[in-house]
Amino acid sequence: MAGEPRKRTEEERERALEAVRELIRWIGDDPKREGLKDTPRRVVDAYLEYFQGYDECPETYLKRTFEQVGGYDEIVLLKDIPFHSHCEHHMAPIHGKAHVAYLPTDKVVGISKLARVVKAYARRLQVQERLTAEIADCIQKVLEPQGVAVVIEASHACMTARGVNTPGVSMTTSRMMGVFRDDQKAREELVKLIGLGA
């Protein structure tokens, strides 16, 4: 269950190690070869790190808020949050940056918590559209601000390093909620702050 680190048994770990060995054999190499002997262990350990988002509950990062904001009622924006994910179709890397904004009602959250929410969702098998929506929905649900906006720009190795082989291409997705969806002036201010289209 997300939010509680799952204990992996030695039997589960050995099955994972054997799965990596089998993939090495399947592509035409020998998992017993000197350079590959430790590869299954490294891959399994890396997967635990790559996908640790399954053991995190992003909502918990937003639970501690601050209400003493001195009457601040303008946009809070955290730009250029770097993240690494993996596409669920090919398990190929996704590298990108997220811009997360919200217009508070009466409470704000520590800015590092916004980055933690991004990383928790990114460290799962993903499609960029869902990643964008999950981050926005989480912030809206917990903070109940006047509006939330999430814009993600990312490069997908499933497109740049295989298949159509088109390096240098990036994809942009966005989710606007509340005032950022309904008020064109607020949306334009946000876009300007992020620097999109500049």
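Quick note: structure is the one above.
Values in this document were obtained by computation on a predicted structure and should not be read as measured data.

Definitions and cut-offs
- By convention here, each chain's residues receive numbers from 1 onward along its written sequence.
- In keeping with the model being predicted, local features are shown solely for residues with a pLDDT of at least 70 and side-chain atom pairs are shown and tallied solely at 80 or more, while totals for entire chains, interfaces and linings include all residues.
- Calculated side-chain values reflect all of the structure's heavy atoms, with hydrogen atoms and water omitted.
- When accessible area is computed with a 1.4 Å probe and restricted to protein chains, residues below 20% of their type maximum are described as buried, those above 50% as exposed, and intermediate ones as partly exposed.
- Strands here mean DSSP runs of E at least two residues long; helices mean DSSP runs of H or I at least four residues long; both are numbered from the N terminus.
- Here the arc refers to the directions that run from the helix axis out to each C-beta atom.
- Throughout this description, a polar contact denotes any pair of N or O atoms lying within 3.5 Å of each other; where both atoms belong to protein, one of them has to be capable of donating a hydrogen while the other can accept it, and for residues adjacent in sequence the pair is counted only when both atoms sit in side chains.
- To estimate the expected span of a helix, subtract one from its residue number and multiply by 1.5 Å.
- Lines are fitted to the C-alpha atoms to define the axes, a helix being fitted only along its stretch in contact, and any angle between axes, read from their N-to-C directions, falls within 0 to 180 degrees.
- For classification purposes, angles smaller than 35 degrees are called roughly parallel, those larger than 145 roughly antiparallel, those between 65 and 115 roughly perpendicular, and all remaining angles oblique.
- A crossing counts as left-handed when the near helix is turned anticlockwise from the far one by less than a right angle, and as right-handed when that turn is clockwise.
- In this description, contact between two residues means that some pair of their heavy atoms is separated by no more than 4.5 Å.
- Residues are grouped as follows: Ala, Val, Leu, Ile, Met, Phe, Trp, Tyr, Cys and Pro are nonpolar; Asp, Glu, Lys and Arg are charged; every other residue, Gly included, is polar.

**Q** Any details on helix α7 (residues 184-194)? Residues and values, ideally.
**A** Within the span of α7, buried status applies to Ala186, Leu190 and Ile194. The buried residues of α7 occupy an angular sector of 70° when the element is viewed end-on, so they sit on one face. Turned more than 90 degrees off the buried face of α7, the exposed positions are Gln184, Lys185 and Lys192. One side-chain oxygen at the N-terminal end of α7 lies 2.9 Å from the backbone nitrogen of Lys185; it belongs to Asp183. At the C-terminal side of α7, Gly195 shows a positive phi close to 90°.

**Q** Tell me about helix α4 (residues 128-143), and name the residues and values.
**A** An ideal rise of 1.5 Å per residue puts 22 Å on 16 residues; α4 measures up with 23 Å between its terminal C-alpha atoms. Every buried residue of α4 is listed here: Gln128, Leu131, Thr132, Ala133, Ile135, Ala136, Cys138, Ile139, Val142 and Leu143. Looking at the residues trailing α4, positive phi occurs at Glu144, about 50°.

**Q** I'd like a description of the packing of helix α1 (residues 10-27) against helix α2 (residues 39-50), backed by residues and values.
**A** At a minimum axis distance of 9 Å, the contact between α1 and α2 shows a crossing angle of 120°. Taken as axis vectors, α1 and α2 run oblique relative to one another. Taken as a pair, α1 and α2 cross one another with a handedness that is right-handed. Packed against α1, whose contacting residues are Arg13, Ala16, Leu17, Val20, Arg21 and Ile24, the element α2 presents Thr39, Pro40, Arg41, Val43, Val44 and Asp45 at the interface.

**Q** A description of the packing of helix α3 (residues 111-122) against α4 should follow, citing residues and the corresponding values.
**A** Geometrically, a packed helix pair is captured by the angle between its two axes and the distance between the axes. Where α3 contacts α4, the axes come no closer than 10 Å and their chain directions differ by 140°. Taken together, the axes of α3 and α4 are oblique relative to one another. In the crossing of α3 with α4, the sense of the turn from one axis to the other is right-handed. Residues Leu114, Val117, Val118, Tyr121 and Ala122 of α3 form the contact with α4, whose participating residues are Leu131, Glu134, Ile135, Cys138 and Ile139. Grouping the amino acids of the contact of α3 with α4 by side-chain chemistry returns nine nonpolar, no polar and one charged.

Bear in mind that shape data such as this cannot, by itself, settle questions of function.
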